[in-house]
Amino acid sequence: MRPFGLNGKSVIPLMSGAACAIPAVMAARNIENPKERLLTMLVTPFMTCSARLPIYIVIIGLIIPNDSFLGFNLQGITLFIMYILGIVGALASAWILNKVIKSIRSSFLIFELPTYKMPDWKNVMTNVWDKASGFLWEAGKIILMISIVLWVFGNFGPNRKFYDAEEIVQQANPNLSGDELEMEIGSYKLEHSFLGYIGMGIEPLVRPLGYDWKMGIGLISSFAAREVFVGTMAVVYSMGPDVDIEDEGQKSSLLTRMRSEINANTGKPAYNFASGISLLLFYAFAMQCMATIGVVRKETGSWKWTLIQTLFMTGLAYVAALIAYQILK
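Treat the numbers as computed from the prediction; the structure is a model and nothing was measured.

Together, Glu166, Glu167, Asp179, Glu180 and Glu182 line one region of the surface with negative charge. At three residues, the largest contribution of residues to the negative patch is made by helix α9 (residues 178-191). Tracing the backbone shows glutamate 182 in helix α9. For glutamate 182, a relative accessible area of 52% translates into the label exposed.

Pasting the structure below:
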């Protein structure tokens, strides 16, 4: 860890980041050196967390054939590469930030191995309460605020098309009924919501990455949590938000629907090899998790470093996705 400006104790938060970045960032508290603690918190979200898996599974299933190479499944190899990419991204970013952030004092790795005994359960519960309530109050305020904004944008629209969606869809599709009608109404409302118009508004920005406005909606909504991308795409494509990718039937239906989607800008399938790799790289690097932003703000006590982290990760994700798409298209 030393060449990257990190501490031996940084290993635990980085490994924990493979499950979830939130407790992983909090685990950096036991790093005494302020610089190394800050670096660890800033780069831990690069690790491939479980929230990225639904996106990886769907996109890899769309663009990578289910064949074998030297006895290894190609889709499995691709997923393994995404994990390696997260590790490389974390260490490379730490190396860069280590050149920028100056250390206040020297660092020494010292472990004290105490004699193990039964804990004082009163102290344990007091500490658990202090840490949990602190997280809920400090980070929870930020998470709640962003959640409310995203909910409002997705559930209200700027004109009558949103509010008259049921009538408009029924007139345009008189043969639909039941779940199919409800999903079509949901898709129409999402398209004409504030979130939908924002997606159309940012389309010029995401078009160089190979995305259309529908995929842009997915990028915006997944800021709440990365895995929301799959549910959002299911709603946009009139399949309902509760698609379970662990159910082979639902997963197959979603993949079939996404394969048939055509990008109006290019006239090609929206999810081709170039745009698929672009999406994988974007989600590998982007800070698409408001809960992590909230906990980083709480742990660093600084909006400056929180915004630097968010902008750095998102900028890196955009550049990587742009280069990949422009080369592969």
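A few words now on the pattern of salt bridges. A complete count under the given rule lists eight salt bridges for this structure. Across the pair glutamate 32 and lysine 9 runs a salt bridge whose closest N-O atoms are separated by 2.8 Å. In this pair, glutamate 32 sits in the loop between α2 (21-26) and α3 (34-43) while lysine 9 sits in the segment before α1 (11-16), placing the two residues 23 residues apart along the sequence. Taking the relative accessible area as the measure of exposure, glutamate 32 reaches 45% and is therefore partly exposed. The network of salt bridges with shared partners includes Arg29, Lys298 and Glu299.

Counting residues in hydrophobic clusters, the biggest one holds 62 residues, and the most contacted among them are Tyr211, Tyr271 and Leu279. Per-element tally for this core: the top contributor is helix α15 (residues 273-285), with eight residues. Other than its neighbours up to four places away in sequence, tyrosine 271 contacts Ile59, Leu62, Ile63, Met215, Met233, Tyr237, Met258 and Leu279.

With that out of the way, let us pick up the packing of aromatic side chains. The tally for this structure, following the rule as stated, stands at six aromatic pairs. When the centroid spacing of 6.4 Å and the interplanar angle of 80 degrees are considered together, the rings of phenylalanine 46 and phenylalanine 312 count as edge-to-face. Note that phenylalanine 46 is positioned in the loop between α3 and α4 (53-63) and phenylalanine 312 in helix α17 (residues 303-328), a separation of 266 residues in sequence. For the ring pair phenylalanine 162 and tyrosine 163, a centre distance of 5.0 Å and an interplane angle of 80 degrees mean the geometry is edge-to-face. Phenylalanine 162 gets classed as buried once you look at its relative accessible area, which sits at 4%. Residue tyrosine 163 is classed as partly exposed on the basis of its relative accessible area, which comes to 41%. These aromatic residues form a ring-pair network of at least three members: Phe46, Phe285 and Phe312.

Before going further, it helps to examine the side chain of asparagine 7. In this structure, asparagine 7 sits in the segment before α1. Reaching out from asparagine 7, the side chain makes a polar contact with the side chain of glutamate 36 at a distance of 2.8 Å. Residues contacting asparagine 7, with those up to four places away along its chain left out, are Met1, Ile31, Glu36, Ser107 and Leu109.

Attention now moves to the packing of helix α10 (residues 194-201) against helix α12 (residues 213-221). Look at α10 against α12: their axes get within 8 Å of each other, and the N-to-C directions meet at 115 degrees. The handedness of the crossing between α10 and α12 is right-handed. The segment α10 lies against α12, with Leu195, Gly196, Ile198, Gly199 and Met200 engaging Trp213, Gly216, Ile217, Ile220 and Ser221. Grouping the amino acids of the contact of α10 with α12 by side-chain chemistry returns six nonpolar, four polar and no charged.

Here we take up helix α5 (residues 74-100). Taking 1.5 Å per residue, 27 residues should reach 39 Å; α5 reaches 39 Å between its end C-alpha atoms and fits that length. For α5, the complete set of buried residues consists of Thr78, Met82, Gly86, Gly89, Ala90, Leu91, Ser93, Ala94, Leu97 and Asn98. Those residues of α5 that are buried are in contact with α1, α3, α4, α15 and α17. By the N-cap criterion, in which a side-chain oxygen at the helix start approaches the backbone nitrogen of a residue two or three places on, α5 is capped by asparagine 73, the distance to glutamine 75 being 2.9 Å.

Rules and cut-offs
Residues numbered from 1 in each chain as written. Predicted model: local features only at pLDDT ≥ 70, side-chain atom pairs only at ≥ 80, totals over all residues. Heavy atoms only, no water. Patch = residues over 30% accessible without salt bridge, like charges linked within 9 Å, V, L, I, M, F, W, Y side chains within 5 Å. Areas by Shrake-Rupley, 256 points an atom, 1.4 Å probe, with all protein chains shown as cover. Salt bridge = Lys/Arg side-chain N within 4 Å of Asp/Glu carboxyl O. Lys, Arg positive; Asp, Glu negative; His and termini not counted. Charge placed at Lys NZ, Arg CZ, Asp CG, Glu CD. Helix = DSSP H or I, 4+ residues; strand = E, 2+ residues; numbered from the N terminus. Buried < 20%, exposed > 50% of the residue type's maximum accessible area, 1.4 Å probe, protein only. Core = buried A, V, L, I, M, F, W, Y, C linked by side-chain atoms within 4.5 Å. Contact = heavy atoms within 4.5 Å. Phe/Tyr/Trp six-rings, centres within 6.5 Å; stacked < 30°, edge-to-face > 60°. Polar contact = N/O pair within 3.5 Å; in protein donor to acceptor, adjacent residues only side chain to side chain. Axes fitted to C-alpha atoms, helices over the stretch in contact; angles between N-to-C directions. Left-handed = near helix turned anticlockwise from the far one by under 90°. Nonpolar A, V, L, I, M, F, W, Y, C, P; charged D, E, K, R; others polar. Expected span 1.5 Å × (residues − 1).

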